[in-house]
Amino acid sequence: MLWTMNGMYMPNNITEIHSSYYLSDIAFKIPNVECNITFDFAHNSERNNYLKGLATLDNNWHYRHKKVIYKYNSLGYRTKEFDEINKENFFLSYGCSFTEGTGLAEDEIWCSLVADNLKIDCLNYGKGGQGIEFIHLNVMAFLKNSSHMPKFVIIQIPNAQRISTRSLENFKTLTPPSTAWERHKEKFPKDFYFEEIDKKRSFYTYFITLLNIDLMFKLCKIPVIYWVKETELSEKDVTFFFKDSKIQKKFILADPVDSSIENLARDLGHDGPNFHQSISNKLINLIKEKL
Amino acid sequence: MNRYLIGLGCSWTQGEGGYTEEVWKSHNGRVQVRGTDDYYLRKMEHENSWVNVLCRDYLKDYTPINLGVRGIGNIAAANQLYFCDRVDFKNSEGIIIFMLSGTERFDLYKNETYTKEYQDDFYSKNVYTHYKYRTSWPFPSDTDKLADVYSKEFSSDNFLALNTITAILNAQTFAKAYNYKFVIANAFNIREPGTKLTHWFKKFAPILVDKINWNAYVHDITFYDSFVEHLVSIDKVLPKEKFRNYFSVYESMSYPSTYLTNCQGAHPTLLGYKVIAEELYKVMMNKKIIQ
């Protein structure tokens, strides 16, 4: 993790989280984040793209008027402190930057919309750049250390190609090569990723980790819903792994929305408020119907 | 209701080394098939592995299911439960025994995981090939990029301990979800003198180590901390205080010893697997896991 000055942080493509992980924590403590600190931008490219948006998009551009700030709690997540929520009426959300809400105001994120609609508190443990193993560990930590259990859990499935290595002090996640990858080409040759961590390879790791998470919540009798933006699961694999599981009925695929530049989040990279409204509506309907 | 005894682990579970005298002679005293098809040995390996011997000689109303795969690490060993579709877990009962593989092994999947030619693996309907894992060791390498990146960037006591604890928890959760009994044993992991494997877990994965039911651990009541230590001891090839040198000593032999083979890493012989099965039976009786 490259921590910079000027009130912003820059998660790089190989995310390293050097964590001091306290026994009482209900989630990984993201280090080097001052408690309850506020940032104006998640990273440099968001600031650059925001300036680009101001220069090129018309006066109706949503983020010309909408204020976005990033406020992190004492564990480094963009959410309330555990002590601040109604412990008898809350849910957990896990995921990557789509759940952390990169480029969005906090009230625009899908889990905030679900919370508002259902009049329930949300603890949001989304963290940009992370994969399913990070969620797996956070789920284990919560179930072990929390004094109160949630009404339900919603997990946004991150990119399946992210491979994390588990360690309490040095949690690393490899993400697929992109332009930012160039910064690390000496450390990790790009062909390493293509040769060793292709979609097929990572898919099983991701899927079985998901099944392990599902079993943990099942044992705790906590309902859980999953959603994913897009998937390339083969029918053969889905048939095999879902054979005995009710997980398929809890799996939501987000509907595509207009992703033209003016509809994106402020970072001009992630999906914007329309997408989050759409997926939250689907989730709310499912929760009302099933839970 | 069907009763199963399910073995998880690596070659020490699959049964490598458990060959008849005839096989040893036909291979000139050294059977270690690498890089070529070993299927012609699989049936004999399964027959003589501790998984089958335990059912054949002691737990006669249990059906053995051997999920061991040569060369894999502990995450893959636990993941094997999801590839086992010949057992109806919801409508059966039994015991899952996790014979821990090397904690230093890091598992991904091969590019091609589907079965190409029919070779019954004896635990699934053979959609996926038995050797579907791509396991890596933390050795710097110019030719193996995964091993190189793993050794330089990921591998640490923290990573290894937490990865192994996660694997055990995955298997334990699975057992609990399906009402199976759960047993943990250590095949060959050795720590420095005076440090048991459980001490190492407590030191490097303190956050989750007490989520494991250590009453299910075989070696908290045995006078040895791993089965290799016990087999070396009764083999009397090495003085007890030097058993850590077993790796090179056994490999230098021209023919297997009574309880351990001369393969790289050494594996139990046919008699070695019988000893392991007997020891597991005694411990399970002692702990009242079986009556």
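Just so you know, these numbers come straight off a predicted model, no measurement behind them. (Residues numbered from 1 in each chain as written. Chains lettered and ligands numbered in written order. Predicted model: local features only at pLDDT ≥ 70, side-chain atom pairs only at ≥ 80, totals over all residues. Heavy atoms only, no water.)

### Some points on the overall build of chain A
From N to C terminus, chain A includes nine helices and 12 strands. With 291 residues in all, chain A has 59% of them scored as buried. Of the contacts formed within chain A by residues at least 6 apart in sequence, a portion of 76% connects residues at least 24 apart. Just so you have it, chain A exposes about 12,200 Å², and 50% of that area is on carbon and sulfur atoms. (Helix = DSSP H or I, 4+ residues; strand = E, 2+ residues; numbered from the N terminus. Buried < 20%, exposed > 50% of the residue type's maximum accessible area, 1.4 Å probe, protein only. Contact = heavy atoms within 4.5 Å. Areas by Shrake-Rupley, 256 points an atom, 1.4 Å probe, with all protein chains shown as cover.)

### Comments concerning the nonpolar core
One finds Ile155 of chain A together with Ile6, Trp12, Trp50, Phe98 and Phe201 of chain B to be the most contacted residues of the largest nonpolar core, which totals 138 residues. Aside from chain neighbours lying at most four places away, what touches Phe98 of chain B is Leu8, Asn74, Ala77, Ala78, Ala167, Ile168, Ala171, Phe182, Val183, Ile184 and Ala185 of chain B. Grouped together as the second largest cluster of nonpolar side chains are 36 residues, Phe98, Cys111, Leu268 and Phe275 of chain A included. (Core = buried A, V, L, I, M, F, W, Y, C linked by side-chain atoms within 4.5 Å.)

### Some words on the packing of aromatic side chains
Tallying each qualifying case throughout the model produces 36 aromatic pairs over all chains. Their ring planes at 20° and their centres at 4.6 Å tell us that Tyr58 of chain B and Tyr281 of chain B sit as a pair that is stacked. With Tyr58 of chain B in the loop between α4 (50–57) and β2 (63–66) and Tyr281 of chain B in helix α12 (residues 270–286), this residue pair connects regions lying 223 residues apart in the sequence. Seen in terms of ring centroids, Phe83 of chain B and Tyr109 of chain B are 6.3 Å apart; in terms of plane orientation they differ by 45°. Their pairing is tilted. Of the two residues, Phe83 of chain B sits in helix α5 (residues 74–83) while Tyr109 of chain B sits in strand β4 (residues 106–109), which places them 26 residues apart along the sequence. Each residue in the set Tyr82, Phe89, Phe174, Tyr178 and Tyr180 of chain B is aromatic and connected to the rest through ring pairs, giving one cluster. The ring of Tyr77 of chain A has Lys127 of chain A sitting right over it, with the charged end atom 5.6 Å from the ring centre. In this structure, Lys229 of chain A packs its charged tip against the face of Phe275 of chain A, placed 6.0 Å from the ring centre. (Phe/Tyr/Trp six-rings, centres within 6.5 Å; stacked < 30°, edge-to-face > 60°. Lys NZ or Arg CZ within 6 Å of the ring centre and 35° of its normal.)

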